[in-house]
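Reading the structure
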Amino acid sequence: MADRGRHTWQTPEMTELFAAISKLQTREEAETFCRDLCTLAELEAMAHRWEVARLLEQGLPYVEIAQRTGASTTTVTRVAHWLRHGEGGYRLALDRLKETRSTA
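To start, this report covers the structure provided alongside it. (Residues numbered from 1 in each chain as written. Predicted model: local features only at pLDDT ≥ 70, side-chain atom pairs only at ≥ 80, totals over all residues. Heavy atoms only, no water.)

1. Looking at the layout of surface pockets
Considered as a void within the structure, the largest pocket measures approximately 1700 Å³ in volume. Contributing to the lining of the largest pocket are 33 residues, with Phe 18, Met 46, Arg 49, Trp 50 and Tyr 90 lying nearest its centre. Those elements giving two or more residues to the lining of the largest pocket turn out to be α1 (12–22), α2 (27–37), α3 (40–57), α5 (73–85) and α6 (89–103). Grouping the amino acids of the lining of the largest pocket by side-chain chemistry returns 21 nonpolar, six polar and six charged. (1 Å grid on protein atoms, 1.4 Å probe; cavity = no way out; pocket = protein on both sides within 12 Å on 5 of 7 lines; lining within 4 Å. Points joined across faces, edges and corners; volume = space filled by probe spheres on them. Helix = DSSP H or I, 4+ residues; strand = E, 2+ residues; numbered from the N terminus. Nonpolar A, V, L, I, M, F, W, Y, C, P; charged D, E, K, R; others polar.)

2. Observations regarding the nonpolar core
Within the largest apolar cluster, 13 residues are counted, with the highest numbers of intra-cluster contacts made by Val 52, Leu 56, Ile 65, Val 76 and Val 79. At the level of secondary structure, the elements contributing two or more residues to this core comprise α3, α4 (62–69) and α5. Discounting residues that sit within four places of it in the chain, Val 76 has contacts with Val 52, Leu 56, Tyr 62, Ile 65, Ala 66 and Ala 71. (Core = buried A, V, L, I, M, F, W, Y, C linked by side-chain atoms within 4.5 Å. Buried < 20%, exposed > 50% of the residue type's maximum accessible area, 1.4 Å probe, protein only. Contact = heavy atoms within 4.5 Å.)

3. Describing the packing of aromatic side chains
Evaluation of the coordinates by the stated rule reveals two aromatic pairs. On the basis of an interplanar angle of 80° and a centroid distance of 6.3 Å, the ring pair of Trp 9 and Phe 18 is categorised as edge-to-face. With a relative accessible area of 38%, Trp 9 lands in the partly exposed category. Plain terms: the ring middles of Trp 50 and Tyr 90 are 6.4 Å apart, the flat faces sit at 15° to each other, and that makes the pair stacked. (Phe/Tyr/Trp six-rings, centres within 6.5 Å; stacked < 30°, edge-to-face > 60°.)

4. Structural notes on the pattern of salt bridges
The full count for this structure, using the stated rule, is six salt bridges. For Glu 28, the salt bridge goes to Arg 27, with nearest N and O atoms at 3.3 Å. Owing to a relative accessible area of 43%, Glu 28 belongs among the partly exposed residues under this scheme. You can call Arg 27 exposed: its relative accessible area is 56%. One salt bridge in this structure joins Arg 68 and Glu 64, with 3.5 Å as the shortest N-O distance. On the criterion of helical spacing, the pair formed by Arg 68 and Glu 64 is a turn pair, its members being four residues apart in helix α4. Several salt bridges converge on common partners, so that one network encompasses Glu 57, Arg 91, Asp 95 and Lys 98. (Salt bridge = Lys/Arg side-chain N within 4 Å of Asp/Glu carboxyl O.)

Written out as structure tokens, the structure is:
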């Protein structure tokens, strides 16, 4: 993206939230924080999008991903867009997870 400056979603409150998240040291700490912060429906929605991102990374067709996950093709398309043209968060997390698994 050409404009990598501040976006309207990067509010002081968001900055504070991400600072708190960055202080978490283990998966278990992240789990308990996210469970306290989010509703079960919000967590399920995030996990669902993450599953779509992982399947996109494997190169599966959109329709197959939609069938496997129960996601709409609109959701699959949206996740694919953010995977390719977003802030780089999906890519970073996918790459880090791949690194962790290859060294285990």
